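Structural description and commentary
One-letter residues, chain by chain:
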Amino acid sequence: NINFPKNTNILDVGCRAGAHTVREFINLGYINSYGVDIGKQAESHWANYSCKSHLVCKDIHEGSPFDLKWGFITISHTLEHCYNPKKVLEILHNSSNSECIIHGIIPIEESVEHFQRHAPHMIMFESHDEHIRFYEKNGFKVIGDTLNKNNSILFAKKWKKRVTI
């Protein structure tokens, strides 16, 4: 369980049409919660949301969607769809503050064969350790993981005590 000050800038990369994470954070009092998604169909869903000004349709490869330094970023089942995941991690690294924690989920092993058939352009990791090394090679330190339960990983810009989530 991680607690952030209520004024923390939070970004959900790949927030999708429902923008559920952004809406939930705002409902919990984190008013500086924002979302970005490349899908144009998401915009029509956002039209009736009170938080629509916190959502933007943009390719994350073009840079951070808001002129803010992020303290917490979620990127769940999104990075594997990016044509240049290293660039996306670089953008997240450069647009986050020194205390930023990122929660990332990428599918591994059991779904590799399925994705190779149906989405051969997607990045995929053959193991949990390979997934962790990917983040570490790109400027982040893994500070917690679910020990292969759902390939959920917490990583940060600077070393913090490792936790199990």
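Worth saying up front: this structure is predicted, and the values here are computed from it rather than measured.

1. As for the overall build of the protein
Scanning the protein from terminus to terminus reveals five helices and eight strands. Listing the helices and strands of the protein from first to last along the sequence gives β-α-β-α-β-β-α-β-α-α-β-β-β. Looking at the 165 residues of the protein, the share that counts as buried comes to 52%. Contacts in the protein between residues far apart in sequence, at least 24 positions, make up 54% of those at least 6 positions apart. About 8900 Å² of surface is accessible on the protein, with carbon and sulfur atoms providing 51% of the total.

2. Here we look at the nonpolar core
Most often, soluble globular proteins have nonpolar side chains that are buried together. Counting residues in hydrophobic clusters, the biggest one holds 24 residues, and the most contacted among them are Leu79 and Leu92. Looking at this core, the elements with two or more residues in it are strand E1 (10-13), strand E2 (33-37), strand E4 (70-76), helix H3 (85-94), strand E5 (96-105) and helix H5 (128-137).

3. Some thoughts on the packing of aromatic side chains
A complete count under the given rule lists seven aromatic pairs for this structure. Consider the rings of Phe25 and Tyr30, whose centres lie 5.7 Å apart with planes at 90 degrees: the pair is edge-to-face. For Phe25, a relative accessible area of 16% gives the class buried. Taking relative accessible area as the criterion, Tyr30 reaches 9% and is therefore assigned buried. Ring geometry for Phe25 and Phe72: centres 5.9 Å apart, planes at 70 degrees, overall edge-to-face. Highlighted residues: Phe25 in helix H1 (residues 20-27) and Phe72 in strand E4, separated in sequence by 47 residues. The buried category is assigned to Phe72, whose relative accessible area is 8%.

4. Re the pairing of E2
In terms of burial, E2 is a largely internal element, five of the five residues being buried. Alternating positions in E2 separate into two faces, Ser33, Gly35 and Asp37 on one and Tyr34 and Val36 on the other, with burial throughout. Of the strand pairs in this sheet, E1 and E2 are connected by four bridges, and their pairing is parallel. Pairing of Val13 across the sheet is with Val36, part of E2. Bridge count for E2 against strand E3 (residues 55-57) is three bridges, and the pairing is parallel. If you follow Asp37 over to E3, its bridge partner there is Cys57. The parallel pair E2 and E3 is bridged by helix H2 (residues 40-46), and the resulting crossover is right-handed.

5. Here's the deal with the confidence of the model for the protein
The predicted coordinates of low-pLDDT regions are not to be read in fine detail. Mean pLDDT over the protein: 79, with 76% of residues reaching 70 or higher. Per-element confidence in the protein ranges from a low mean pLDDT of 44 for strand E8 (residues 163-164) to a high of 93 for E1.

6. Re the state of the cysteines
In this structure the tally under the stated criterion is zero disulfides. Of the cysteine sulfurs around Cys15, a residue in no disulfide, the closest is that of Cys51, at 8.6 Å. The class for Cys15 is buried, based on a relative accessible area of 5%. There is no disulfide at Cys57, and the cysteine sulfur nearest it, in Cys15, is 8.9 Å away.

7. Some thoughts on the pairing of E1
The alternating pattern of E1 places Ile10 and Asp12 on one face and Leu11 and Val13 on the opposite face, and all of these are buried. Taken together, the three bridges between E1 and E4 define a ladder with parallel strand orientation. Residue pairing for E4: Ile10 is matched across the bridge by Phe72.

8. Some thoughts on the side chain of Asp37
Along the chain, Asp37 turns up in strand E2. For Asp37, a relative accessible area of 12% gives the class buried. Reaching out from Asp37, the side chain makes a polar contact with the backbone nitrogen of Cys15 at a distance of 3.4 Å. Asp37 has contacts with Gly14, Cys15, Arg16, Trp46, Val56, Cys57 and Lys58, leaving out every residue within four places of it along the chain.

Definitions and limits used
Residues numbered from 1 in each chain as written. Predicted model: local features only at pLDDT ≥ 70, side-chain atom pairs only at ≥ 80, totals over all residues. Heavy atoms only, no water. Helix = DSSP H or I, 4+ residues; strand = E, 2+ residues; numbered from the N terminus. Buried < 20%, exposed > 50% of the residue type's maximum accessible area, 1.4 Å probe, protein only. Contact = heavy atoms within 4.5 Å. Areas by Shrake-Rupley, 256 points an atom, 1.4 Å probe, with all protein chains shown as cover. Core = buried A, V, L, I, M, F, W, Y, C linked by side-chain atoms within 4.5 Å. Phe/Tyr/Trp six-rings, centres within 6.5 Å; stacked < 30°, edge-to-face > 60°. Pairing = 2+ DSSP bridges. Right-handed = clockwise from strand over helix to strand, strands pointing away. pLDDT = per-residue confidence, 0-100. Disulfide = S-S within 2.5 Å. Polar contact = N/O pair within 3.5 Å; in protein donor to acceptor, adjacent residues only side chain to side chain.

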